[in-house]
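These are the residues of each chain, in order.
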Amino acid sequence: MLSAKRVQLPAVDPQSDRWSCGPNSATRLLRFYGHEVNYSQIKQLTAKKLLFVAQFRGQEIGTGTPPRVLQEVVNAWEKGNAKLRQNAQLNDLLQVLEQGKPAIALVRVRNLSLGKLTIPALHWITVTGFDPQAQVIYYTDTNSQNYQISYAEFERQWQLNLSQNPVTAILKLNGVVPRTFVWVDRTPT
């Protein structure tokens, strides 16, 4: 049986736009493993690998970071230790967390509407632990705040529920699938 586990992440500047939750979460993960990186550095590296980043009504928006790109960015420092798991089960994630290893999970936080088109608002968060008795997942969001969410709600958001439309087709072509997480597969120092 799994036992409760929770790690504390180093401080990182909060997310400053509408697309860089992946780089922000990757910065948290890399700093946890002792790498002297900062959010703007990881954001700049990641932005070069996105489908698009543009200005819209005074806001910088973009497609977000595809899972393989996030893994690749973490591996730039972790030399192959960054792992990607997709279509995972909750227990897969909990086993990683029980080893004291935080993970970056892709969740659906809301829907955006563009006329008749519904676009999923996906978001990378850094999962920091869990409590099997309370049935909660702990995570640090890109606003630098710590939260907890029930297993049931986490699994609902982690499922992504991608409907069939041109936007979700593009996401799927870029490796965005349900129950995705990235972690570093080595013992934290």
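For the structure given in this document, a descriptive report is provided here. (Residues numbered from 1 in each chain as written. Predicted model: local features only at pLDDT ≥ 70, side-chain atom pairs only at ≥ 80, totals over all residues. Heavy atoms only, no water.)

## Observations concerning the pattern of salt bridges
Cut-off, in case you're wondering: In what follows, salt bridge is the name for a side-chain nitrogen of Lys or Arg lying within 4 Å of a carboxyl oxygen of Asp or Glu. Per the convention used, a helix needs a DSSP run of H or I reaching at least four residues, while a strand needs a run of E reaching at least two, with both numbered from the N terminus. Working definition: with a 1.4 Å probe on protein chains only, accessible area under 20% of the residue-type maximum means buried, over 50% means exposed, and in between means partly exposed.
Under the definition given, this model contains five salt bridges. Across the pair Lys101 and Asp185 runs a salt bridge whose closest N-O atoms are separated by 3.0 Å. Of the two residues, Lys101 sits in the loop between helix 4 (90-98) and strand 5 (103-114) while Asp185 sits in the segment after strand 9 (181-184), which places them 84 residues apart along the sequence. The class for Asp185 is partly exposed, based on a relative accessible area of 37%.

## Overview of unusual backbone geometry
Unusually for a residue other than glycine, Asn87 sits at a positive phi of about 55°. The exposure class assigned to Asn87 is partly exposed, which follows from its relative accessible area of 43%. Phi at Gln135 takes a positive value of approximately 60°, unusual for a residue other than glycine. With respect to the element layout, Gln135 can be found in the loop between strand 6 (117-131) and strand 7 (136-140). Classification of Gln135 as partly exposed rests on a relative accessible area of 40%.

## Focus on the pairing of strand 9
Consecutive side chains along a regular strand alternate between the two faces of the sheet. For clarity, the cut-off: The criterion for strand pairing is that DSSP finds at least two bridges linking the strands in question.
Burial along strand 9 is two-sided: the face carrying Phe181 and Trp183 and the face carrying Val182 and Val184 are both buried. Note: strand 4 (residues 82-85) against strand 9, four bridges, orientation antiparallel. What sits directly across from Leu84, in strand 9, is Val182.

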